[in-house]
Amino acid sequence: MIGSPSAEDISFVTDDKAVKYLQRFKQKAPCNLRERYPEGSDQLLNLLARMLQFNPFYRPSVDSLIEDPYFDEVRMFSKSYDAPEVISLDFEMQQEYLGFP
């Protein structure tokens, strides 16, 4: 779907073995989203293209995605609210889990 990652795409990977593994694959171009989803609106295909990034640092934030024009027709600001407290997921803070040194 997204094709082979470029050197820039894998720049966030810090483990040498993981980098070598990713580089072993035959280069493949990403699929054409318009051809794959011919009935998809331009807004939908734009949203998918933004989300389907190999490098997580290039993907949009959840806040950005929620504000995407694709959701304008279903978004109901009157029913949205902030959580009463910050939700912390312990695994998000574990550097080993994320692969960071």
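Preceding this paragraph is the structure being described.
Residues numbered from 1 in each chain as written. Predicted model: local features only at pLDDT ≥ 70, side-chain atom pairs only at ≥ 80, totals over all residues. Heavy atoms only, no water.

Enquirer: How should the overall build of the protein be read in this particular structure?
Expert: The helix and strand inventory of the protein stands at five helices and zero strands. The order of α-helices and β-strands along the protein, N terminus first, is α-α-α-α-α. Expressed as a percentage of its 101 residues, the buried residues of the protein come to 15%. Taking the intrachain contacts of the protein between residues at least 6 apart in sequence as the baseline, contacts between residues at least 24 apart amount to 47%. Taken as a whole, the protein presents about 8,800 Å² of accessible surface, with 56% of it coming from carbon and sulfur. (Helix = DSSP H or I, 4+ residues; strand = E, 2+ residues; numbered from the N terminus. Buried < 20%, exposed > 50% of the residue type's maximum accessible area, 1.4 Å probe, protein only. Contact = heavy atoms within 4.5 Å. Areas by Shrake-Rupley, 256 points an atom, 1.4 Å probe, with all protein chains shown as cover.)

Enquirer: Is there a simple way to explain the pattern of salt bridges in this structure?
Expert: Opposite charge on two side chains permits them to pair, given that their charged atoms come into close proximity. Applying the stated criterion to the full structure yields three salt bridges. In this structure, the salt-bridge partner of Asp42 is Arg34, at a minimum N-O distance of 2.4 Å. Asp68 is the salt-bridge partner of Arg50, the closest N and O atoms lying 2.4 Å from each other. With Arg50 in helix α3 (residues 42–51) and Asp68 in the loop between α4 (62–66) and α5 (95–98), the pair connects residues that are 18 residues apart, well separated along the chain. For Arg50, a relative accessible area of 25% gives the class partly exposed. Given a relative accessible area of 5%, Asp68 falls into the buried group. (Salt bridge = Lys/Arg side-chain N within 4 Å of Asp/Glu carboxyl O.)

Enquirer: Would you mind going over the environment of Asp15 with me for this structure?
Expert: In this fold, Asp15 is placed in the segment before α1 (16–23). A polar atom in the side chain of Asp15 sits 2.9 Å from the backbone nitrogen of Lys17. (Polar contact = N/O pair within 3.5 Å; in protein donor to acceptor, adjacent residues only side chain to side chain.)

Enquirer: Can you help me understand the side chain of Arg75 in this one?
Expert: On the secondary structure map, Arg75 appears in the loop between α4 and α5. Here Glu67 takes part through its backbone oxygen, which lies 3.5 Å from a polar atom of the side chain of Arg75. If we skip the residues at most four places from it in the chain, Arg75 touches Ile66, Glu67 and Asp68.

Enquirer: What am I meant to see in the packing of aromatic side chains here?
Expert: Ring pairs (aromatic) are described by centroid distance and by the angle formed between their planes. For the structure shown, the criterion picks out four aromatic pairs. On the basis of an interplanar angle of 50 degrees and a centroid distance of 6.1 Å, the ring pair of Phe12 and Phe54 is categorised as tilted. With Phe12 in the segment before α1 and Phe54 in the loop between α3 and α4, this residue pair connects regions lying 42 residues apart in the sequence. Among the residues examined, Phe12 registers a relative accessible area of 22% and is labelled partly exposed. When its relative accessible area of 25% is taken as the criterion, Phe54 is described as partly exposed. Taken together, a centroid distance of 5.3 Å and an interplanar angle of 80 degrees make the contact between Tyr70 and Phe71 edge-to-face. On the accessibility criterion, Tyr70 (34% relative accessible area) is partly exposed. Note on Phe71: relative accessible area 29%, which makes it partly exposed. The rings of Phe12, Phe54 and Phe57 are connected pair by pair, giving a single aromatic cluster. (Phe/Tyr/Trp six-rings, centres within 6.5 Å; stacked < 30°, edge-to-face > 60°.)

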